[in-house]
Amino acid sequence: MATELLYLDDFDVLTAQATVMQVSELDDGRLDVELDRTCFYPRGGGQDWDTGVIRSGGDAFTVDEVRLDENGVVHHLGAGAVSEGAGVVLEVDGERRSMNTRLHSAGHIVDLAVERLGLPWVPGKGAHYPHMSFVEYSGEVPGDIEETRQRIEREVAAVIATGSSNEIRFMPVSEMDAYCRHVPENIPTNKPARIVLYNETFGVPCGGTHVRDVADVGTLTITKIKSKKGVTKVSYAVEGLN
Ligand SMILES: [Zn+2]
């Protein structure tokens, strides 16, 4: 049975009560814990997984990796004491979540800036990890690379300085075109479809966790733009995180 994904409705939920559905042992000796519901974010969409603790009475299970499978079941991998059928309390490491959320939202703000500047690029993959943060596009850099880097950086700074709260909207994939510049064909079907509206008008189909207000990202710099064979990679950094 698919795990209920609490982080889809609320970006900030870091603790919740749940029931342990199944515990199994992995080849590497770690345990795999399945729950009826979770606020742990599994790796996906370029955003890294949460870590934390699952507690029940005096038992504690340390979660060091979280994965979502093709059936929509979240697997909490780690070590410690946990029993099938137990009622548990979930505690996500808030500092790590906040870092991953800000790095992830920063990627969308870069994308928003690219749209505002009218750059003729089609969004591709992205990575929002501390050691590697970038968004990739199909398309060439029109003109000078350094000038383009500076233009994007200025636009990003303007978006963040103005600030704007983000809004969650669930909708069928067929309706997303009305809100989103680009709706990928490979939207995952193992979780409810959702967009997040940045700056009230810029919709992104995305199941990750996002800052409530774009101002929460902090200082965002465009560290490098590389363009090769029709693919342009825009790397960025968030002050204090990369
Ligand atoms: Zn996203």
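Because the structure is a prediction, the values reported are computed rather than measured.

Rules used in this analysis
- Residues numbered from 1 in each chain as written.
- Predicted model: local features only at pLDDT ≥ 70, side-chain atom pairs only at ≥ 80, totals over all residues.
- Heavy atoms only, no water.
- Pairing = 2+ DSSP bridges.
- Helix = DSSP H or I, 4+ residues; strand = E, 2+ residues; numbered from the N terminus.
- Axes fitted to C-alpha atoms, helices over the stretch in contact; angles between N-to-C directions.
- Buried < 20%, exposed > 50% of the residue type's maximum accessible area, 1.4 Å probe, protein only.
- 1 Å grid on protein atoms, 1.4 Å probe; cavity = no way out; pocket = protein on both sides within 12 Å on 5 of 7 lines; lining within 4 Å.
- Points joined across faces, edges and corners; volume = space filled by probe spheres on them.

Caption draft 1: Quick peek at the sheet that holds strand β7 (residues 74-80). Taking strand neighbours around the barrel as the criterion, the six strands line up as β2-β3-β7-β6-β5-β8 in a closed arrangement whose pairing is antiparallel. Each strand axis lies, on average, 45 degrees off the axis of its neighbour in the sheet, ignoring direction.

Caption draft 2: Summary view of the pairing of β7. Within β7, five of the seven residues are buried, which leaves it mostly tucked inside the rest of the structure. Between the antiparallel neighbours strand β6 (residues 59-68) and β7 lie five residues, among them Gly72 with a positive phi of about 85 degrees.

Caption draft 3: Representation of empty space enclosed by the protein. Applying the stated rule across the entire model yields one cavity of 30 Å³ or more. Taken as a whole, the largest cavity holds about 30 Å³ of empty space. Around the largest cavity sit Ile54, Arg55, Ser56, Asp59, Ala81, Val82, Ser83, Ala86 and Val88, which together line it. For the lining of the largest cavity, the element with the most residues is strand β5 (residues 52-56), which contributes three residues.

Caption draft 4: The arrangement of the environment of Met1 in detail. Here Met1 shows up in the segment before β1 (4-5). The spatial distance from the C-alpha of Met1 to the C-alpha of Leu35 is 9.7 Å, given a sequence separation of 34 residues.

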